[in-house]
Amino acid sequence: MAEPLPRHLLIPFAGRGSPACRAAWPSLRLPNLEALLSRLSLAETDTQDESTRSPPHERALAKALGIPAADGCIPWAALEARQAGIAEPGDHEGWGLVSLCNWQVGIDDVVLGDPAAIEIDAAESATLLAAAHPFFDEDGIALHPSAIPGRWLARAHIFDGLATASIDRAVGHRISQWSPLAEAARPLRRLQNEMQMLLYTQRVNDDRAARGVPPINSFWLSGTGALPTGIPPADTEPPTVSDALRVAALRDDGPGWAEAWQALDASTLASLLAEYTAGADVMLTLCGDRAAQRYAVQQRGLVGWARSLFDRPRAASVLEAL
């Protein structure tokens, strides 16, 4: 009989260094997280600085899936295309994720709004995809719909090796800070300008204005790269990724982030702790702005029992290190 696979929970934005979230650290009461940290051992740490295009949770997920990639080149689009049957297993061409979004124009610069918050439905996404096709085709970029409204899969050789910033890095920041600057990205910047003019004329945005939701006025490119054959391995069990903290973290909503953390602790982490207590081989990966830390089952026995009693870590100090 095959050995049971470990249950692996991965939590993005577990630590957040923005001002309001940082101020919320001392108020966090996360008993189930602390109980897990006292019973599990730190197995791996990945620490980078906050200038990386791929945030810690994306690096951790790619590693868990067995996907090797340079910074900004984790091929999430190619993986989705293969899983959806759009790309064949032997297809080594580059892919990218095109996410429709609202660029928030200010006096001094333009800021990326969260594409997850634009409230676009499947019909709007399909209408805009049909309008955008000729513009992308001119640059040799083939567009395909994604299962997520407002997101398209784009296929072109220029995406192979082109480093792009994750949306989770760029949201709330100046476009100029995270836009790709490589020479290969010049046609994409021109394409963004053309799409801005096209989107301005679309009936979809007139309807959105009537509903009181932000206009869709550009797109963000991410998840670029090619996926080698056999990656990820067929027997790979993907981690469970919780997005419970994402919205509050990106908005720097400290009270909301703390409330979401406590709800996560009382539900998902309580279940993970119960599985551990029942003998399951569990793993927990906590990710922040700079680092990801993976915790795994340690040797059970007197040493582990004593540590759980006398060396129970404080959640706030662990999250602050992320």
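Structural data are supplied above this passage.
Here we summarise the structure given alongside this text. Model, not experiment: these values are computed from the prediction.

The rules behind the values
- Residues numbered from 1 in each chain as written.
- Predicted model: local features only at pLDDT ≥ 70, side-chain atom pairs only at ≥ 80, totals over all residues.
- Heavy atoms only, no water.
- Helix = DSSP H or I, 4+ residues; strand = E, 2+ residues; numbered from the N terminus.
- Buried < 20%, exposed > 50% of the residue type's maximum accessible area, 1.4 Å probe, protein only.
- Polar contact = N/O pair within 3.5 Å; in protein donor to acceptor, adjacent residues only side chain to side chain.
- Contact = heavy atoms within 4.5 Å.
- 1 Å grid on protein atoms, 1.4 Å probe; cavity = no way out; pocket = protein on both sides within 12 Å on 5 of 7 lines; lining within 4 Å.
- Points joined across faces, edges and corners; volume = space filled by probe spheres on them.
- Nonpolar A, V, L, I, M, F, W, Y, C, P; charged D, E, K, R; others polar.
- Pairing = 2+ DSSP bridges.
- Axes fitted to C-alpha atoms, helices over the stretch in contact; angles between N-to-C directions.

Below, the discussion takes up the side chain of R59. Topologically, R59 is positioned in helix α3 (residues 56-64). A relative accessible area of 15% means that R59 is categorised as buried. A polar side-chain atom of R59 sits 3.2 Å from a polar atom in the side chain of T52. Every residue in contact with R59, bar those within four places of it in the chain, is listed here: D46, Q48, T52, S54, I74, R169 and R290.

Moving on to empty space enclosed by the protein. Counting across every chain of the model gives 3 cavities of 30 Å³ or more. Of the pockets and cavities examined, the largest cavity occupies roughly 80 Å³. S179, P180, L188, R189, Q192, F219, W220 and L221 together form the lining of the largest cavity. Elements represented by at least two residues in the lining of the largest cavity include exactly α8 (186-200) and β8 (218-225). Of the voids in this model, the second largest cavity is the one considered here, and its volume is about 50 Å³. Around the second largest cavity sit S54, E58, G72, I74, W76, T164, A165, S166, S222, G223 and T224, which together line it. Per-element tally for the lining of the second largest cavity: the top contributor is β8, with 3 residues. Split by residue class, the lining of the second largest cavity holds 3 nonpolar, 7 polar and 1 charged.

The next subject is the sheet that holds β8. The 4 strands are arranged β6-β7-β3-β8 in an open sheet whose pairing can be described as antiparallel. What marks the edges here is a single partner per strand, and that holds for β6 (142-145) and β8. Each strand axis lies, on average, 30° off the axis of its neighbour in the sheet, ignoring direction. Each of β3 (95-101), β7 (151-155) and β8 is contacted by helix α4 (residues 76-83), which is oriented at about 100° to β3, the strand it contacts most. Of the strands in this sheet, β7 and β8 are in contact with α8, which crosses β8 at around 145°.

Everything listed is a geometric property; what it means functionally is a separate question.
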